[in-house]
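Chain and residue survey
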Amino acid sequence: MHAINCIGILTSGGDAPGMNAAIRAVTRTALYNGFGVKGIYHGYRGLINNEVETLTTDSVSNIIQRGGTILKTARSKEFETSEGRKTAFDNIQAHGIDALVVIGGDGSLAGARVLAAEYDFPIVGLPGTIDNDLSGTDTTIGYDTALNTITWAVDKIRDTAMSHERLFFIEVMGRNAGFLALNGAVATGAEAAIIPEIATEVDQLAELIQSGFRKSKNSSIVLVAESEVTGGAMGLAERVKREYPEYEVRVTILGHIQRGGSPTAADRILATRMGEAAVNALIEGQRNVMVGIQDDRLVYVPFSKAIRDDKPINRDLLQTIKMLSV
Ligand code: ATP
């Protein structure tokens, strides 16, 4: 491996609050260590379209508090082809980039893994996704902010749910992961969380209704993880209307509000620590790893492990939620 002189950085997939704090930390740690830094706009699509600019310390001023990503993000079908990746790699070389930091979710890190393997090129990943669905890390950049946004939004919905004595299904993001729904339910005192991790084992809705979860209450809030497996909030509401017409049901889909906003202190600190660690990883000769955090310690997780679809979720919390909604 030849020496690293210039580090490229990109954000890819869904944006997440804290990505800017990570961009800032990577850029400034790299500059501090004497490297050049190139920002690639629009993720892998921008790598293919040659949207590359030099970043200076001023480029990342005043962004630590901003949601979204100053480098923009995108999804790219072309990058999933070997021709697309060839163009991307030609551009990497043309710009003198010797190593890449990729900030994104499991898809983005899967892409990084393929590129790194095809061209024997050093890449370090940072887990940037509100879904918290990357393995080998306790949490991901953006998750805490999204969880707080969900808590804020559900608190407001609770006011109207209480006043009208209604059953609310509130759908939250997470793709195929229930972390936001489960922990959002705990944080808001919801009556239940319906999550994909256990959807194939039990009929969560039937269990919920049969346990008479609404008997002593004048309103109920159920958080539902978006997923084909759970049926989403709409699917569940339709089922309740059909099977239990005595309930007055409403649906709220929180949607993209969950991605936005200023990152929480926890996400800014996490992104800053991880951004610094990404550059240190490259200096140490690490490659093809994601920076993760376990018990407050930064760790390197091989891409192959990080993108595995088996991150454990704390199922005990389902029982906690059930018990506390007596
Ligand atoms: P989020 O979890 O927030 O949606 P993500 O990073 O998982 O973010 P994806 O849309 O899954 O978002 O992936 C982003 C991009 O990564 C894709 O548009 C594609 O360009 C690239 N990518 C994903 N999987 C692969 C793969 N197996 N091979 C090559 N590239 C991939």
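Residues numbered from 1 in each chain as written. Predicted model: local features only at pLDDT ≥ 70, side-chain atom pairs only at ≥ 80, totals over all residues. Heavy atoms only, no water.

Regarding the overall build of the protein chain
Check the secondary structure of the protein chain and you find eleven helices and eleven strands. Its C-alpha atoms give the protein chain a radius of gyration of 21 Å, near enough to 20 Å, the size a compact globule of 326 residues would have. Viewed in the frame of its principal axes, the protein chain has a C-alpha envelope of about 70 × 35 × 35 Å. Counting across all 326 residues of the protein chain, residues that qualify as buried make up 56%. Across the protein chain, the fraction of contacts at a sequence separation of at least 24, relative to all contacts at a separation of at least 6, is 76%. On the protein chain, roughly 14,000 Å² of surface is accessible, and the fraction owed to carbon and sulfur atoms is 49%. Of the side-chain charges in the protein chain, 32 are positive and 39 negative, and the distance between the mean point of each set is 2 Å. (Helix = DSSP H or I, 4+ residues; strand = E, 2+ residues; numbered from the N terminus. Rg over C-alpha atoms; globule rule 2.2 N^0.38 Å. Buried < 20%, exposed > 50% of the residue type's maximum accessible area, 1.4 Å probe, protein only. Contact = heavy atoms within 4.5 Å. Areas by Shrake-Rupley, 256 points an atom, 1.4 Å probe, with all protein chains shown as cover. Lys, Arg positive; Asp, Glu negative; His and termini not counted. Charge placed at Lys NZ, Arg CZ, Asp CG, Glu CD.)

A few points about the environment of Ile195
In this structure, Ile195 sits in the loop between strand E7 (192-194) and helix H7 (204-210). Taking relative accessible area as the criterion, Ile195 reaches 0% and is therefore assigned buried. Beyond its immediate stretch of four places on either side in the chain, Ile195 contacts Gly178, Ala181, Leu182, Gln204, Ala225, Thr230, Ile313 and Leu318.

Section: the sheet that holds strand E4 (residues 99-104)
Pairing in this open sheet of seven strands is mixed, and the strands run E3-E2-E1-E4-E5-E10-E11 from one edge to the other. Looking along the sheet, the strands with just one partner apiece sit at the ends: strand E3 (52-54) and strand E11 (297-302). For this sheet the average axis-to-axis angle between neighbouring strands, irrespective of direction, equals 30 degrees. Bridge count between E4 and strand E5 (residues 123-127): five bridges; the pairing is parallel. Bridging across to E5, Ile103 finds its partner in Leu126. (Pairing = 2+ DSSP bridges. Axes fitted to C-alpha atoms, helices over the stretch in contact; angles between N-to-C directions.)

Some points on the sheet that holds E7
Strand order in the open sheet formed by four strands is E7-E8-E6-E9, and the pairing between neighbours is parallel. Two strands lie at the open edges of the sheet, namely E7 and strand E9 (249-253), each paired on one side alone. With strand direction ignored, the average angle separating the axes of adjacent strands in the sheet is 20 degrees. Its contacts with the sheet put helix H6 (residues 179-188) on strand E6 (167-172), E7 and strand E8 (220-225), and the angle it makes with E8 is roughly 160 degrees.

Notes on the nonpolar core
One finds Leu126, Leu180 and Leu223 to be the most contacted residues of the largest nonpolar core, which totals 66 residues. A domain split of this core shows at least three residues from each of domain 1 (6-142 + 263-306) and domain 2 (144-259). Counting 25 residues, the second largest nonpolar core, distinct from the first, contains Phe89, Ile97, Ile123 and Phe303. (Core = buried A, V, L, I, M, F, W, Y, C linked by side-chain atoms within 4.5 Å. Domains from an automatic or database assignment.)

Thoughts on the site of the ligand
Around the ligand, the structure places 19 residues, and the nearest of them are Arg75, Ser76, Asp106, Ser108 and Arg175. Between the ligand and the protein, one listed contact pairs an oxygen atom with a backbone N or O atom of Gly105 at 3.0 Å. Burial of the ligand by the surrounding chains reaches 84%, relative to a free accessible area of 620 Å². Per-element accounting of the shell around the ligand gives the leading share, six residues, to helix H4 (residues 106-119). Class assignment of the residues belonging to the shell around the ligand gives a composition of four nonpolar, nine polar and six charged. (Near = heavy atom within 4 Å. Polar contact = N/O pair within 3.5 Å; in protein donor to acceptor, adjacent residues only side chain to side chain. Nonpolar A, V, L, I, M, F, W, Y, C, P; charged D, E, K, R; others polar.)

A look at helix H11 (residues 316-324)
Among the residues of H11, Leu317, Leu318 and Ile321 are the ones counted as buried. For H11, the angular spread of buried residues about the axis comes to 110 degrees, placing them on one side. Contacts made by the buried residues of H11 are with H6 and E7. (Arc of directions from axis to C-beta.)

Notes on the pattern of salt bridges
Applying the stated criterion across every chain, the model contains twelve salt bridges. Across the pair Lys77 and Glu80 runs a salt bridge whose closest N-O atoms are separated by 3.5 Å. Take Glu80: its relative accessible area is 56%, and that puts it in the exposed class. Asp310 is the partner of Arg308 in a salt bridge, and the nearest nitrogen-oxygen pair spans 3.3 Å. On the basis of relative accessible area, Arg308 is assigned to the partly exposed category, the value being 43%. (Salt bridge = Lys/Arg side-chain N within 4 Å of Asp/Glu carboxyl O.)

What is shown is where atoms sit, not what they do.
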